[in-house]
Amino acid sequence: MSERKIGTASGRACVLRGNDIDTDRIIPARYLMCVTFEGLGEFAFEDDRKEAKGNHALDDERFNGAKILVVESNFGCGSSREHAPQALMRHGFTAFIGVSFGEIFSGNCTANGLICARLSPEDVTKLMESVELDPTQEITVDVESKTVSSKAGTMKAEIPEGVRNQLLEGTWHATGVLLDASAQIEATARQLPYVNTFVEISD
Amino acid sequence: MAGKNLFNKVWDAHSVRELPNGQTQLFIGLHLIHEVTSPQAFEMLREMGLSVRFPSRTFATVDHIIPTDDQKRPFADPIAEEMMIHLENNCREAGIALFDTSSGRQGIVHVIGPELGLTQPGMTLACGDSHTSSHGAYGSIAFGIGTSQVRDVLATQTLAMGRLKVRKVDVAGKLGRGVYAKDVTLDIIRRTGAKGGVGFAYEYAGSVVESFSMEERLTLCNMSIEGGARVGYVNPDEITYNDLKGKAYAPSGAAFGRALSWWNNVKSDSDAEYDDIVEIQGSEIEPTVTWGINPGQAVGINQPIPRTSDLPDAERAGHQEAVAFMDVRTGEPIAGTKIDVAFIGSCTNSRISDLREAARIAQTGHVASHVRALVVPGSQAVQKQAELEGLPEIFQSAGFEWREPGCSMCLAMNTDRLKGREICASSSNRNFKGRQGSPTGRTLLMSPAMVAAAAIRGNVVDVREVI
């Protein structure tokens, strides 16, 4: 059940400014009224886009066709809804570059083969300025070398080692790997007293 | 050698193996599911030709989409009904116990787990909901997961995870009158910021936490994620054990005694090491209210909303956005802000002690004429207990609506929603833009007692003036 190996993501970038952009904003709760993730792409940031009246980064023509979303800090905080990365993925994004990410959001990204790469605040500022100056440039996130390359130069990125390996090995869809340990799962369950309603403990 | 904290003990006991990528394959002792984040996971399992590995270790309920006015089937909203049917079919096919409205045990997933004694010390617990951290109140390691991870737990009862760092949050001394667990969590988030806890599990400790009831501990752990921490927990003690005695799924008889020795063993050692320690004086915490668009944007009831110019450069843009959206005046206190709606409910504050405290204040007056106020119990058990105590009559005669159990206006996936620019005094956990169902609606988070007081005065008020 191995998936494709993800070594890099390349493409044009979109600059979305703001700290603490939560998953309710990425996909409002009314779009969680569904039993499939299909079709969520068009609703990404719907309320923010309406509020911005055409001035939202996702509606900025300069960023049309962007594959990489450059954000600031704590992007994707809040609700665990996987609908958020699903909506962004279906909108066309394959990687996120930012100062920091909500933990559940970044885990959900990994589970879908999307990259979350962290840069220092200074580098995010430089990258944003560079993309705004030349939105046509190609940005590359390299998982292997943990770098982000753009006209602003090559920047050192942070990707947790376990996640980096999952992407590089193609084991980001974790089920197959987890299933491999079938006997060990049973053994762990046997050792946990509460799983066995505390019958097997002897004081 | 230094001792171990509870997080690391529980983590190690549940470690199936170290994965080649360096992560841990972690056994999940209890898995809770609901109708919103599970249907896609079951579909993924079907596509992979897999079945549920340990169906007896997963329990389901319906909470997010359920109406709170009329819960008769079929639900008025056809999509809500469709989601309910998916949950029923998935649970039936997999052999998973479902607590629906006919069970007498339905309710918000983070209310019913503890209520039924499913949540126990020393467990790992996962649910496709970020407020799963609530269950840490019992000394479990509990965290929210996405739908792909729900799939992994269904298929294998395990997850691939990286170990978290542990921060001890010590709340010393005593709380003042009119200061509640909700104020403690809002104060912690205000101090550490909405992202201050990313990468950490929080161990809540100190005399304030030790003296908290289980319901207060649930409120405290519930909002860990609002400060960025995926996990929050309290070491189990006599209060925990007394609470568990006699609950439906808690061990009983001789097994309870054997459970006690296991539970006592998972507590943090007195010389345990932590990656970080934060100390807060309980006496310094005031009734706390959020004024902005993330839960870290909060102030003590009598403190001024910060001015943009007082903040570091990096925070100014976000601050200005919040001030503009909320239309609040900086440099002035939040007290006195006129409200349109009052909501008492949610996985943070919908338990019986919350409702008792709110009812005590509701008794002192009547909901202001311009305010729409609703009380939504967290579960059918809370509802029943409240009825036994006559709370619905108190609320109703004071002008509050008394509803059926569910998540309701915390995230507005049913018809309980703000309209337009309404401002809501809310006992829930998130003040994000649009969270309560109107894209332009505004939320002020506070304790249930503060919500009740605001409902009666018609504006935000220091609850200490009322009790």
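Residues numbered from 1 in each chain as written. Chains lettered and ligands numbered in written order. Predicted model: local features only at pLDDT ≥ 70, side-chain atom pairs only at ≥ 80, totals over all residues. Heavy atoms only, no water.

With that settled, consider the overall build of chain B. The helix and strand tally for chain B stands at 15 helices and 19 strands. The C-alpha radius of gyration of chain B comes to 21 Å, within 12% of the 23 Å expected for a compact globule of 467 residues. Principal axes of the C-alpha set define a box for chain B whose edges measure 55 × 55 × 45 Å. Pairs at least 24 residues apart make up 76% of the contacts formed inside chain B by residues separated by at least 6 positions. For chain B, the exposed surface amounts to about 15,100 Å²; the carbon and sulfur share of it is 48%. In chain B, which carries 46 positive and 54 negative side-chain charges, the distance between the mean positions of the two groups comes to 1 Å. (Helix = DSSP H or I, 4+ residues; strand = E, 2+ residues; numbered from the N terminus. Rg over C-alpha atoms; globule rule 2.2 N^0.38 Å. Contact = heavy atoms within 4.5 Å. Areas by Shrake-Rupley, 256 points an atom, 1.4 Å probe, with all protein chains shown as cover. Lys, Arg positive; Asp, Glu negative; His and termini not counted. Charge placed at Lys NZ, Arg CZ, Asp CG, Glu CD.)

In this section: the pattern of salt bridges. Under the definition given, this model contains 43 salt bridges over all chains. With a shortest N-O distance of 2.8 Å, D187 of chain B and R190 of chain B are connected by a salt bridge. One end of the pair, D187 of chain B, and the other, R190 of chain B, are both in helix α6 (residues 181-192), three residues apart, so they sit about a helical turn from each other. The exposure class of D187 of chain B is buried, given its relative accessible area of 1%. Classification of R190 of chain B as partly exposed rests on a relative accessible area of 31%. As a salt-bridge pair, D243 of chain B and K247 of chain B come within 2.7 Å of each other at their nearest N and O atoms. Where salt bridges share partners, they join R25, D48 and E51 of chain A together with E321 and K433 of chain B into one cluster. (Salt bridge = Lys/Arg side-chain N within 4 Å of Asp/Glu carboxyl O. Buried < 20%, exposed > 50% of the residue type's maximum accessible area, 1.4 Å probe, protein only.)

To continue, consider the pairing of strand β11 (residues 231-234) of chain B. Residue and element names in this part refer to chain B. Side chains V231 and Y233 of β11 all project onto a buried face; the interleaved residues G232 and V234 project onto the opposite face, where all are buried too. In this structure, strand β10 (residues 200-205) lies alongside β11, joined through four bridges in parallel fashion. Bridge assignment links A201 to a residue of β11, and that residue is V231. (Pairing = 2+ DSSP bridges.)

All names here are of chain B. The tally for this structure, following the rule as stated, stands at 18 aromatic pairs over all chains. With 5.5 Å between their ring centres and 70 degrees between their planes, F395 and F400 make a pair best called edge-to-face. Accessibility classification places F395 together with F400 in one group, the buried group. Here F395 and W402 contribute two aromatic rings whose centre-to-centre distance is 6.0 Å and whose plane-to-plane angle is 10 degrees, an arrangement assigned as stacked. Above the face of the F325 ring, R421 is positioned so that its terminal group lies 5.6 Å from the ring centre. (Phe/Tyr/Trp six-rings, centres within 6.5 Å; stacked < 30°, edge-to-face > 60°. Lys NZ or Arg CZ within 6 Å of the ring centre and 35° of its normal.)

Okay, the interface of chain B and chain A next. Between chain B and chain A, the residue contacts involve 75 residues of the former and 62 residues of the latter. Scanning the region where chain B abuts chain A turns up four salt bridges. Put simply, K433 of chain B and E51 of chain A hold a salt bridge, and the shortest N to O gap is 3.2 Å. For the interface between chain B and chain A, the tally reads 25 residue pairs in polar contact (both at pLDDT 80 or more). Elements with a minimum of two residues in the side of chain B that touches chain A: β1 (15-18), β2 (24-27), α2 (39-48), α3 (78-94), α5 (147-156), β8 (158-161), α10 (254-266) and α11 (313-326) of chain B. Broken down by element, the residue count for the side of chain B that touches chain A peaks at seven residues, all from α5 of chain B. (Polar contact = N/O pair within 3.5 Å; in protein donor to acceptor, adjacent residues only side chain to side chain.)

Quick look at α5 of chain B now. Residues and elements named next belong to chain B. In terms of burial, α5 is largely enclosed, as ten of its ten residues are buried. Listing the buried residues of α5 in full gives T147, S148, Q149, V150, R151, D152, V153, L154, A155 and T156. Positioned one or two residues after α5, Q157 has a phi angle of 60 degrees, which is positive.

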